[in-house]
Amino acid sequence: MKYKNLFNILKVLPLFLLIISCEGEEGSNGPIIIPVEKVQAAFNMSISSSDSNVLLLDNKTVGTGEFKSEWDFGQGGALVLDQPGIEEIRFDTDGTFSVRLIVTNDAGLTVDSKTVVVDNSSGGICPNGICASTNSAILKDAATTFFVGNITRASRVNGGGQHTEILKTHFSSITSEYEMKMDVMYPSEGNYDFTAADAIVNFGVDNGINVHGHALIWHNATPDWVKNFSGTNAEFETMVKDYITTTVTRYKGKIASWDVVNEAIDDGSGNPLRSSVFKDKMGDDYIKKCFQWARDADPDVLLFYNDYNMASSPGKRTAMFNIVDDLGDLVDGVGAQMHISYNGPSASNIQAVADGTVSRGLKLHFAELDIRANPNNDQTSLTAARADAQKVKFKEVVKIYNSIPLDNKYALTVWGLKDNESWLIDFWGHIDWPLMFNDDYSKKPAYDGFLEGLE
Ligand code: 9MR
């Protein structure tokens, strides 16, 4: 019999003395018996950082009185008495094993159990039962009819490293995450700063990677001096025209497409145009003016209108199609941001975005794809079930995109490379795993889902 720790025994000593003293005052009702409670078995487990075939088992059982803790490592053989400290157990054989901690006291036994999945072709024990994908297919090679995009930053393309190598290997299109927006490219009146944008565009050109420009006009990336513009409305318009003309001309022939206006539609009832300094000073047709200036600066570059919740909000989708209908020949395509979740929006709503775009003869950019696995913050780690549901959603999105006619295809851009780099973590303030690569760059089931969507 193993005593869990002396401290716990000392803790119950007063209880024992209480029973004795109650016995001394025995009355007609007899002694007061305090029942012994079962001790709840509990343990944590993790994979050794020095050997991915070794599991570290940490007994977390807490209880009063005497109890015995025994392990069943799930590999056959007798139960093993728990030792102080962490148990290190090797799992060499592929398979699924149930590790159990059995805790017994006078009141009976309780069991905690966890599942260990071992796949040596995936590197040993699979974290949380989720084995990394071993599919060696290259995303951009598997997608033969459209660009597979991702985002980048000047610091990454300048710095190189594993991140940028994976970007170059798997992705055929890049979008600047934030450095090709007005607040970065035009920080103060009369002073453009294209340092970061140049680095990103040149990286694309030098490596044969398509560059998508994002985004000329966005209320959320407007520099303060523009928001507080002190001149007349006519001067404001001249300034915006100069900015669009200067920027689009600079990258003429180097980048294939621009999001001219981003997120102009309000989420409120009726989905009117969002209030912004551009709308206030240039009028409701500010979108058309911006597209015209971009078109004049580079007649060959593809021009997109880009917005979010196109699938989840039918009202917003209608508002977006009204905008592009009004733009007529000035617009080449629709950018539908795909910030979605494992459980929605539905395939039919995603399909509706594709159908509306195709029926207008426009190009479709599934832009900004990430798929939240923890939208309700009810998980502390990515479970196998959620990883699988996320994989299914990746497959669904890719399949819908891949099924549109060739002429309507352009790119499917994922908004981030690995989970811990996603904007969503800061934005929502809780953990999530929305992308296709784990923090250590291993491939998630979502990666397989992307590839399966192309089959
Ligand atoms: O992910 C981007 C984040 O790093 C930037 O700080 C932010 C502001 O420039 O923009 C984020 O990207 C947004 C995109 O440009 C437009 N759609 C919403 C994206 C997430 O906010």
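The coordinates are above.
Residues numbered from 1 in each chain as written. Predicted model: local features only at pLDDT ≥ 70, side-chain atom pairs only at ≥ 80, totals over all residues. Heavy atoms only, no water.

A. A look at the overall build of the protein. The secondary structure content of the protein amounts to 15 helices and 17 strands. A compact globule built from 455 residues should have a C-alpha radius of gyration of about 23 Å, whereas the protein, at 30 Å, is more than 25% larger. With respect to the three principal axes, the spread of C-alpha positions in the protein is 100 × 50 × 40 Å. Buried residues in the protein amount to 49% of all 455 residues. For the protein, the proportion of contacts with a sequence separation of at least 24, taken over those separated by at least 6, is 71%. Only carbon and sulfur atoms are counted for the fraction: they give 49% of the accessible area of the protein, which is about 20,300 Å². One way to put it: in the protein the 39 positive side-chain charges average out to a point 3 Å from where the 61 negative ones average out. (Helix = DSSP H or I, 4+ residues; strand = E, 2+ residues; numbered from the N terminus. Rg over C-alpha atoms; globule rule 2.2 N^0.38 Å. Buried < 20%, exposed > 50% of the residue type's maximum accessible area, 1.4 Å probe, protein only. Contact = heavy atoms within 4.5 Å. Areas by Shrake-Rupley, 256 points an atom, 1.4 Å probe, with all protein chains shown as cover. Lys, Arg positive; Asp, Glu negative; His and termini not counted. Charge placed at Lys NZ, Arg CZ, Asp CG, Glu CD.)

B. Highlighting the site of the ligand. The full set of residues close to the ligand is Glu177, Tyr178, Lys181, His214, Trp218, Asn262, Glu263, Gln337, His339, Glu368, Trp415 and Trp423. Note that an oxygen atom of the ligand is positioned 2.9 Å from one of the side-chain N or O atoms of Glu177. Isolated, the ligand exposes 460 Å² of accessible area, and the fraction of that covered by the protein chains is 77%. Taken together, the residues of the shell around the ligand sort by class into four nonpolar, four polar and four charged. (Near = heavy atom within 4 Å. Polar contact = N/O pair within 3.5 Å; in protein donor to acceptor, adjacent residues only side chain to side chain. Nonpolar A, V, L, I, M, F, W, Y, C, P; charged D, E, K, R; others polar.)

C. Representation of the pairing of strand 1 (residues 43–47) in the model. As judged from the five bridges shared by strand 1 and strand 2 (residues 54–59), these two strands associate in the antiparallel manner. Across the sheet, the residue bridging to Phe43 is Asn59, located in strand 2. Where strand 1 folds back on strand 2, the antiparallel hairpin that results is connected by six residues. (Pairing = 2+ DSSP bridges.)

D. Geometry of the environment of Glu37. Following the sequence through the fold, Glu37 ends up in the loop between helix 1 (6–24) and strand 1. In the structure, Glu37 is positioned 111 residues away from Val148 in sequence and 59 Å away in space, judged by C-alpha atoms. With residues near it in sequence (within four places) discarded, Glu37 still touches Asn105 and Ala107.

E. Quick peek at the sheet that holds strand 3 (residues 68–72). Here five strands make up an open sheet; going across it, the order is 4-3-6-7-8 and the pairing antiparallel. The open sheet has two edge strands, strand 4 (80–81) and strand 8 (124–126), and neither has a second partner.

F. The arrangement of the environment of Ala384 in detail. Note that Ala384 resides in helix 13 (residues 384–402). On the basis of relative accessible area, Ala384 is assigned to the partly exposed category, the value being 38%. Distance in space between the C-alpha atoms of Ala384 and Thr195 is 43 Å, their sequence separation being 189 residues. Setting aside its immediate chain neighbours within four residues, Ala384 contacts Asn128, Gly129 and Ile130.

G. Local environment of the side chain of His212. Relative to the elements of secondary structure, His212 occurs in strand 11 (residues 210–213). Residue classification places His212 among the buried residues on the basis of a relative accessible area of 1%. Polar contacts involving the side chain of His212 include one to the side chain of Ser257, which spans 2.7 Å. With residues near it in sequence (within four places) discarded, His212 still touches Ser173, Ile174, Thr175, Ser176, Ser257, Trp258, Asp259, Phe304, His365 and Tyr410.

H. How the structure looks around the packing of aromatic side chains. Inspection of the entire model under this criterion finds 19 aromatic pairs. Aromatic pair Phe278 and Tyr286: ring centres 6.4 Å apart, planes at 20°, arrangement stacked. Judged by centre distance (5.3 Å) and plane angle (50°), the ring pair of Phe366 and Tyr401 falls under tilted. Pair noted here: Phe366 is in strand 16 (residues 363–372) and Tyr401 is in helix 13, with a separation of 35 residues, a long-range link. In this structure, Phe366 and Tyr401 share a single accessibility class: buried. Grouping aromatic residues by their ring pairs yields a cluster made of Tyr186, Tyr192, Phe194, Trp225, Phe229, Phe236, Tyr243, Tyr251, Phe278 and Tyr286. (Phe/Tyr/Trp six-rings, centres within 6.5 Å; stacked < 30°, edge-to-face > 60°.)

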